[in-house]
Amino acid sequence: MSLPFRHLTSTKQLTRSDTDAILTAAADMEKVIVKGGTDLLKGKILASLFYEPSTRTRLSFETAMHRLGGRVITADGLQFSSLYKGESIEDTMMVVGQYADIIAMRHPEQGSADRAAAVSPVPFINAGDGPGQHPTQALLDMFTILKERGTLDGIHITMVGDLKFGRTVHSLSFLLGLYKDVSFTLVSPKELKMPEKVTSFYKEKNITFTEVESIEEGLDADVLYMTRVQKERFTDSSEYERLKLKYILKASHVKGRDITVLHPLPRVGEIVTDVDQLTNAAYFRQVKNGVATRMALLAMLLGKL
Ligand code: NCD
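This text gives an overview of the structure that appears in the document. Just so we're clear, the structure is a prediction, and the values are computed from it rather than from any experiment.

Before going further, it helps to examine the overall build of the protein chain. Scanning the protein chain for helices and strands turns up eleven helices and nine strands. In terms of overall dimensions, the protein chain is globule-like: its C-alpha atoms have a radius of gyration of 19 Å, near the 19 Å expected for 305 residues. Taken along the three principal axes of its C-alpha coordinates, the protein chain extends 50 × 45 × 40 Å. A separation threshold of at least 6 residues defines the contact pool for the protein chain, and within that pool the share at least 24 residues apart is 72%. Here the protein chain displays about 13,000 Å² of accessible surface, and carbon together with sulfur accounts for 51% of that area. Within the protein chain, the 37 negative side-chain charges are centred at a point lying 4 Å from the centre of the 38 positive side-chain charges.

What follows concerns the site of the ligand. Neighbouring residues of the ligand: Arg56, Thr57, Arg106, His134, Gln137, Arg167, Thr168, Arg228, Gln230, Pro264, Leu265 and Pro266. For the ligand, a nitrogen atom lies 2.9 Å from a polar atom in the backbone of leucine 265. The protein chains hide 93% of the 310 Å² of surface that the ligand would expose on its own. Elements represented by at least two residues in the shell around the ligand include exactly helix H2 (56-67) and helix H7 (167-176).

Pairing is parallel across the open sheet formed by four strands, whose spatial order is E2-E1-E3-E4. Only two strands of the sheet have a single neighbouring strand rather than two, namely strand E2 (71-76) and strand E4 (124-129). If you compare each strand with its neighbour and ignore which way they point, the axes differ by 10° on average. Of the strand pairs in this sheet, strand E3 (residues 102-107) and E4 are connected by four bridges, and their pairing is parallel. Across the sheet, alanine 104 pairs through a bridge with isoleucine 125, a residue of E4.

Before going further, it helps to spend a moment on unusual backbone geometry. The omega torsion across leucine 265 and proline 266 is 5°, close enough to zero to call that bond cis. Even without glycine at this site, leucine 265 takes up a positive phi of about 65°. Topologically, leucine 265 is positioned in the loop between strand E9 (260-262) and helix H11 (283-301). Assessed through its relative accessible area of 12%, leucine 265 is described here as buried.

Quick notes on the rules
- Residues numbered from 1 in each chain as written.
- Predicted model: local features only at pLDDT ≥ 70, side-chain atom pairs only at ≥ 80, totals over all residues.
- Heavy atoms only, no water.
- Helix = DSSP H or I, 4+ residues; strand = E, 2+ residues; numbered from the N terminus.
- Rg over C-alpha atoms; globule rule 2.2 N^0.38 Å.
- Contact = heavy atoms within 4.5 Å.
- Areas by Shrake-Rupley, 256 points an atom, 1.4 Å probe, with all protein chains shown as cover.
- Lys, Arg positive; Asp, Glu negative; His and termini not counted.
- Charge placed at Lys NZ, Arg CZ, Asp CG, Glu CD.
- Near = heavy atom within 4 Å.
- Polar contact = N/O pair within 3.5 Å; in protein donor to acceptor, adjacent residues only side chain to side chain.
- Pairing = 2+ DSSP bridges.
- Axes fitted to C-alpha atoms, helices over the stretch in contact; angles between N-to-C directions.
- Buried < 20%, exposed > 50% of the residue type's maximum accessible area, 1.4 Å probe, protein only.

Listed below in structure tokens is the structure:
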């Protein structure tokens, strides 16, 4: 199925049928990976532009493109000279769009993805815009929930940690909210509560959500989505130090319970490593699912599926 848009900047663009189509294609891509890849995107070039640090997302996009037989050009990190020379996002897109067939970009400013998509001559994917959105992470989270729990309808998810600055929980809320009878328990310190842009969406869709301050109140759920406190978004470092490890998940929290633990990673102490041994721990499987999901999206946006 071809998607009814050329650029993906936000999960708010996606309908349930778009999401289902991407997840079905991702399941097919898993089989392609097992077979050693494909030449579907032979001759195509992905530009991966990372104005903000990233390991997983960048490597995952690049792996996805390689598995599809395409190639990658990349600019990342502090040596990304055009940003430091003061070039606008719009000009960067106009330039990179002359080289590549598709662009994935991460940028520290919320809204940067919309600005980029507005001028990009080729399909554009938001790989994280500050505290805004991270749609491909949400898609791979959905794929992981579907694989681990067998359904997306009826899921009760508990989101823990930095719900204010954590873009992954924003994007995932909008996507999971498209399914039937989903409910949310939100665990955060009051300083890092889920923003109004997301809670107003829950209200508008009549989605049940509860805001609490302890992890124990969120353990009666299907999915426990842990997040890192987003250090880079704080202006006051003492505030970060005070809030950074308010929630630490231990094996005793989930052992023996039918609850799947997800985390977009990197973790910086929120999940003790003892949890890794439990079947509940799905965060490394989640990482793997990112490649198949991004393969599906790249192929669809390039009109090859
Ligand atoms: C997340 C991100 O960048 O928003 N990580 C990721 O994409 N895998 C979460 C985070 O950085 O905490």
